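Listed here are the chains, written in short residue letters.
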Amino acid sequence: MPDHNLSDQDLRVAVLGVGLMGADHVARIGSRISGARVAVVNDYVTEKAEQLAATIPGCRAIADPLEAIADPAVDAVVLATPGPTHEKQLLACLEHRKPVLCEKPLTTDIDTSLEVVRREAELGTRLIQVGFMRRFDDEYAHLKALIDGGELGAPLLLHCVHRNPAVPDHFDSVMTVRDSLVHEVDVTRFLLDDEITSVQIVKPQPNSLAREGLFDPQIAILETAGGRHVDVELFVTTGVAYEVRTELVAEKGSAMIGLDVGLVRKGAPGVWGGTITPSFKERFGRAYDTEIQRWVDAVRRGAETGNYVDGPTAWDGYAATAVCEAGVQALQSGQPVAVTMVDRASIPGA
Ligand code: ISE
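Here the structure is a predicted model, which is why all the values come from computation and not from measurement.

A. Representation of unusual backbone geometry. Residue Lys104 is joined to Pro105 through a cis peptide bond whose omega torsion reads 0°. Residue Pro217 is bonded to the preceding Asp216 through a cis peptide linkage, with omega at 5°. Summarising the element assignment, Pro217 is placed in the loop between β8 (196-202) and β9 (218-224). Phi at Arg97 is positive, roughly 55°, even though this residue is not glycine. Here Arg97 lies in the loop between α4 (86-95) and β5 (100-102). With relative accessibility at 34%, the residue Arg97 sits in the partly exposed group. Within the chain, Asp260 stands out as a residue other than glycine whose phi angle is a positive 60°.

Here it is as structure tokens:
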């Protein structure tokens, strides 16, 4: 935990993994976030980290991620490394008491996610925030406030659409569950304050334009402990745009977000329209800024509050892993699969 006085100093952040997401966070911290600077970068491609460090005043590249975490001149960590490396890196952050913002997934399986939750709980302080950025998006925040305000009555259903224009060649049907559905899992838990208890995946006729063997689209059907039904269209090879929509149906009305309306322009005769959102970087850019700024602020206040998190916790990461695990089984079996999770009350402090 930062033990020096941060009131007149920037938080020194190590960004581990400087691929698409990590490099985006480095640029964000360097230009749009106050109270923090990137002090260390790391990547499994060492030269990439070295080249990036050379462009940032006062920044060093450290080749070993665990050394970067332990470095005394690092106050906090952003983990944007591949999922399978998270368990070790998160445990190192806990060992060195370094607050960490971890991009999803928390870890890649239920047992290791649970172990991370337990180890953090044993410390009696929250150090791990999980990067579910949609909770920081204005539209999701509005929808959440509308639900919590009770105007629409009890929520009954969510209809979600998750479309990507394209995915990389290595993206397979399981990644649709673990990388794409995972956001809808977190959105469901966030909006409804309800745990997901079962998952079914329906595989319609695949898009003939998708890579051979990729089940795309997929329809996920989630049931919650409170009996709510959530359906999600996951379609990651539309060739069109980044489209993420959520419609809530409640007892006294419905509400929809993600229409991507923005500016509507009338141009050539007989034509009207707006711009297409190409990827999650544009759609959720402001949400990422808010997420990182609030995290930095929480970490800077941490010495007084004893809490280094302002957003989704390790428990939220564990719950998402558990639901996606059931989702992967459901993808194979075609049947509804029950989600296995421990009772939160059995881990004091989780
Ligand atoms: C990607 O990893 C993301 O996190 C995006 O938000 C999601 O839309 C995409 O499907 C994932 O592959």
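Having seen the structure, we can now continue with the description.
B. How the structure looks around the site of the ligand. Every residue lining the ligand is accounted for by Lys104, Met133, His162, Asn164, Phe171, Asp179, Ser180, His183, Tyr242 and Phe280. Between the ligand and Ser180 there is a distance of 2.6 Å, counted from an oxygen atom to a side-chain nitrogen or oxygen. Isolated, the ligand exposes 300 Å² of accessible area, and the fraction of that covered by the protein chains is 87%. Among the elements that take part in the shell around the ligand, helix α7 (residues 173-192) stands out by supplying three residues, more than any other.

C. Representation of the pattern of salt bridges. Evaluated as defined, the whole model comprises 21 salt bridges. With its nearest N and O atoms 3.4 Å apart, the salt bridge here joins Glu243 to Arg245. Judged by relative accessible area, Glu243 falls into the buried class, the value being 17%. Among the salt bridges present, the one from Asp310 reaches Arg294, with a minimum N-O distance of 3.0 Å. Of this pair, Asp310 sits in the loop between α9 (285-305) and α10 (314-333) while Arg294 sits in helix α9; the two residues are 16 residues apart in sequence, bridging distant segments of the chain. Its relative accessible area of 23% is what places Asp310 among the partly exposed residues. Counted as one network, the salt bridges with shared partners bring together Arg135, Asp186, Arg189, Glu195 and Asp316.

Calculation criteria
In this convention, every chain numbers its residues from 1, walking through the sequence in written order. Totals for whole chains, interfaces and linings use all residues, but because this is a predicted model, local features are given only for residues with pLDDT of at least 70 and pairs of side-chain atoms are given and counted only at 80 or more. Calculated side-chain values reflect all of the structure's heavy atoms, with hydrogen atoms and water omitted. Comment: elements are numbered from the N terminus, with helices defined as DSSP H or I runs of at least four residues and strands as E runs of at least two. In this scheme, a residue with accessible area under 20% of its type's maximum is buried, one over 50% is exposed, and one in between is partly exposed, where area comes from a 1.4 Å probe on protein chains only. Note on terminology: near, applied to a residue and a molecule or strand, indicates that one of the residue's heavy atoms is within 4 Å of it. N or O atoms closer than or at 3.5 Å make up a polar contact, with two conditions inside protein: a donor-capable atom paired with an acceptor-capable one, and, for residues adjacent in sequence, both atoms drawn from side chains. Each accessible area value is a Shrake-Rupley result obtained with a 1.4 Å probe; residue values ignore everything except the protein chains displayed when judging cover. Within this document, salt bridges are pairs made up of a side-chain nitrogen of Lys or Arg and a carboxyl oxygen of Asp or Glu, the two lying within 4 Å of each other.

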